[in-house]
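# Chain and residue survey
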Amino acid sequence: MKGKLLLLAAMLMGIFSTSSFAQLKLNGAGATFPYVIYSKWFDVYHQKTGIEFNYQSIGSGGGIRQVTAGTVDFGASDAYLSEDQMKTIEQKQGTSVIHIPTVMGAVVLSYNLPKVGKGLKLTPEVLSDIFMGKITMWNDSKITAINSGLNLPNDPILVAHRSDGSGTTNIFTGYMSKVSKEWADKVGSGTSVNWPVGLGGKGNEGVAGIIKQTEGSIGYVELAYAVQNGLPYASLKNKAGYFVEPTFDAVSAAAAGFVKNMPADLRVNITNADGKDSYPISGFTWLLIYQYMKDKQKVEALKNFIKWAVTDGEKYAKDLYYAPLPKEVVKLDLKKVDLITYKK
Amino acid sequence: MSDSEKVKENFNIEQQAKKPAASFLNLKSLFSKNPGDLVFENITRFFAFIVFLLVFIMAFEMIKASMPSIKQFGLKFITGTEWDPVDEIYGALPYIWGTLFSSLLALIVSIPLSLSVAIFLSEFAPKWLEKPISLLVEMLAAIPSIVYGLFGIFVLVPLLRTTVEPFLGKELGFLPFFKGAPYGFGMMAAAIILTVMILPIITSISRDVMRSIPDSQREASYALGATKWETIKVVLSGSKSGILGAILLGFGRAVGETMAVTMVIGNRADISLSLFNPSHTMASVIANEFTEAISDLYISSLIEIALILFIITIILNAIARLIVWGVTKKYSGALN
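Each chain carries its own residue numbering, running from 1 in the direction its sequence is written. Ligands are numbered from 1 and chains lettered from A, in the order in which they are written. The predicted origin of the model limits local features to residues at a pLDDT of at least 70 and limits the giving and counting of side-chain atom pairs to 80 or more, whereas totals for whole chains, interfaces and linings rest on all residues.

Our contact criterion uses C-beta atoms placed from the backbone: two residues qualify when those atoms are within 7 Å. Counting residues at the interface gives 26 residues for chain B, matched by 28 residues for chain A. A run of H or I in DSSP counts as a helix once it spans at least four residues, and a run of E counts as a strand once it spans at least two, with each numbered from the N terminus. Among the elements of the structure, β1 (83–84), α6 (145–172), α11 (259–264) and α12 (282–289) of chain B are those that each provide at least two residues to the side of chain B that touches chain A. Among the elements that make up the side of chain B that touches chain A, the one with the highest residue count is α6(B) (4 residues). Under this grouping Gly is polar, as are all residues other than the nonpolar Ala, Val, Leu, Ile, Met, Phe, Trp, Tyr, Cys and Pro and the charged Asp, Glu, Lys and Arg. For the side of chain B that touches chain A, the residue count by class is 13 nonpolar, 6 polar and 7 charged.

Here is the structure:
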């Protein structure tokens, strides 16, 4: 009986696996933000090819630590590696790391002003003043000046931010540092910062909880989270001077605006992008791949997977609330993939 | 077997029973004992020693991992009030303050509450009422902390923000405890959630301890003409050490509680006496920031916070033990 079952299993495997990698298993770890689409990709790709992926969404920081320690086949991060981190990995693992942008996300400013509803507009200057604690009331002349149609209340502003270290915070504070010199000097950018004002919520749901519960609050969350939960969000004045609502197209436009001056290693912060349609607080999320890998089968498998993910795989992005890569970036990705090689 | 032999045998058994932990492996008794007993004895001894080893390894690993931060900041780590991952400046005082203050507040509120419940259950309640109340109290302890957190966000925080805090601010605003804007999220919400979380622990242990006081003592007290209240005082003084132990277990739970607290406390590293003020705790900051901490000094600082939490817990427990021993000694002395 057992023998027959095994035979049957073997036959089924033969039918369903189209490649010779049936037993191959790739381990990865890192960012939580792209976890939903990565799981989708891994699942679909597993059904197509039989290659198994084991991805632990332990956070970008954890992913980078594991890549540095060499305990995974690939990592994933919402922030690109610093020069120091790249050097450390090269020393420890004897290979450089390639950054592959996979999808994009945006960070939106959600708020709770029941009498105002949708349609709040913000400029980078006002945003920075709010988060620095300089503007404390909703009917401050700086806010009313750009929101002429809205009847803003005479209420205090409550700022909500993430209390846990996160890629979302990294994108948001990165943007703030770009548009406000004061922010860059006093607060800076990173996955956790020393906030001048406000309450901290754990995770997107924590921040959304504070916003939902507190009239007069404003905070930043991932676009996907705001859309799924029906939170109102502000349109933001971009570099070209237009007020842009955060939409998937506006995010893709931001990436496209950066293609011309994309650095060769694809480590780029696309906040405050050029172009009149670009939403200014958006960012890539990256796969971190060793350039030289010691397992021939894994090299082939990983290369094929990435090629598939950034081309065919992108079609799943919008349904899962991610902004797909613009074609120009996909091209750059495909060139990068060719650099991954087998080396003992 | 003659009588003298029997006495000798008994004496041997007594000797063995007196010094079971003289050596790690009790080889001497290898031949005089049932081999099954011996195996069992050594297995249990092995696991008992593992506890020592575990605590030792934990302490050692934490000290080792927090060395970079200890070297960099020294004592300033404990006295510093700034926590800035961007500039790599780490001071843990606001977190230490938040942990101790919130736990202490929870304790102050929950001690009278839980002792009242325990006294009622053990001394007054009829059987048909006692069973369901005990069950409900114990069920409170089984609720996962994330559920308490959600209850905090969706029920408690709005209530505090719209009703309780504005009222307290208006009526008692001259006290340092009720100053500032009523956010709802903050020390008060955390302390209330913690109170509810430690209430079942203190209640059920205190009740069991009081129940274990033999009825003969109560009867003796009545026989001497004592009132019900005086009799309860006798019961309470007999269960002092047990109740103290219960309180300290509750305190331990409050100090270590992470999820529910971080969801309602506002997560701002401030030191303030005001219950309205957002605060932060040691356990929360570790849970919040560890996953995304990349630089070595950052990780090391978070581990040093864990080390401080570990040390605080040990000190608290040591104090508790000393008090319990003191009380027990005094009490047993009085009995003799």
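Next, the rest of the story.
Turning next to unusual backbone geometry. Residues and elements named next belong to chain A. Even without a glycine there, the phi angle at Leu266 is positive, about 60°. Among the secondary structure elements, Leu266 is positioned in the loop between α11 (248–258) and β11 (282–290). For Leu266, a count of 18 C-beta atoms within 10 Å corresponds to the partly exposed category. Unlike most non-glycine residues, Asn272 shows phi in positive territory, near 55°. Secondary-structure assignment places Asn272 in the loop between α11 and β11. For every residue, the other C-beta atoms within 10 Å of its own C-beta are counted; 20 or more classify it as buried, 12 or fewer as exposed, and values in between as partly exposed. C-beta atoms are placed from the backbone.

Residue and element names in this part refer to chain A. Two strands are said to pair when DSSP picks up at least two bridges between them. In spatial order, the strands read β5-β9-β10; together these 3 strands make up an open sheet with mixed pairing. Two strands lie at the open edges of the sheet, namely β5 (121–122) and β10 (243–244), each paired on one side alone. As paired strands, strand β9 (residues 235–237) and β10 are joined by 2 bridges and run antiparallel to one another. When the sheet's bridge partners are listed, Lys237 is paired in β10 with Phe243.

Residues and elements named next belong to chain A. Spatially, the 8 strands line up as an open sheet ordered β2-β1-β3-β11-β4-β8-β6-β7, and their pairing is mixed. The sheet is open, and its two borders are formed by β2 (52–56) and β7 (199–201), each paired with just one other strand. Here the strands of the sheet are splayed against their neighbours by 25° on average, with no regard to which way each runs. Two strands pair when backbone bridges link them, and strand β6 (residues 158–162) and strand β8 (residues 217–222) are joined in this way by 3 bridges, in the parallel orientation. Considered in β8, the bridge of Val159 is made with Ile218. Axes here refer to lines fitted to C-alpha atoms; in helices the fit is confined to the stretch in contact. Angles between the N-to-C directions go from 0 to 180 degrees.

Residue and element names in this part refer to chain B. With their axes 9 Å apart at the nearest point, helix α4 (residues 93–124) and helix α10 (residues 240–256) run at an angle of 140° to one another. When the axes of α4 and α10 are compared, the pair comes out oblique. Crossing hand, α4 versus α10: right-handed. Listed contacts from α10 to Thr99, Ser103, Ala106, Leu107, Ser110 and Ile111 of α4 are Ile247, Gly250, Phe251, Ala254 and Val255. Of the residues assigned to the contact of α4 with α10, the class counts are 7 nonpolar, 4 polar and no charged. Roughly parallel means an angle under 35 degrees; roughly antiparallel, over 145; roughly perpendicular, 65 to 115; everything else is oblique. Helix crossings are classified by the rotation of the near helix relative to the far one: an anticlockwise turn of less than a right angle makes the crossing left-handed, while a clockwise turn makes it right-handed.

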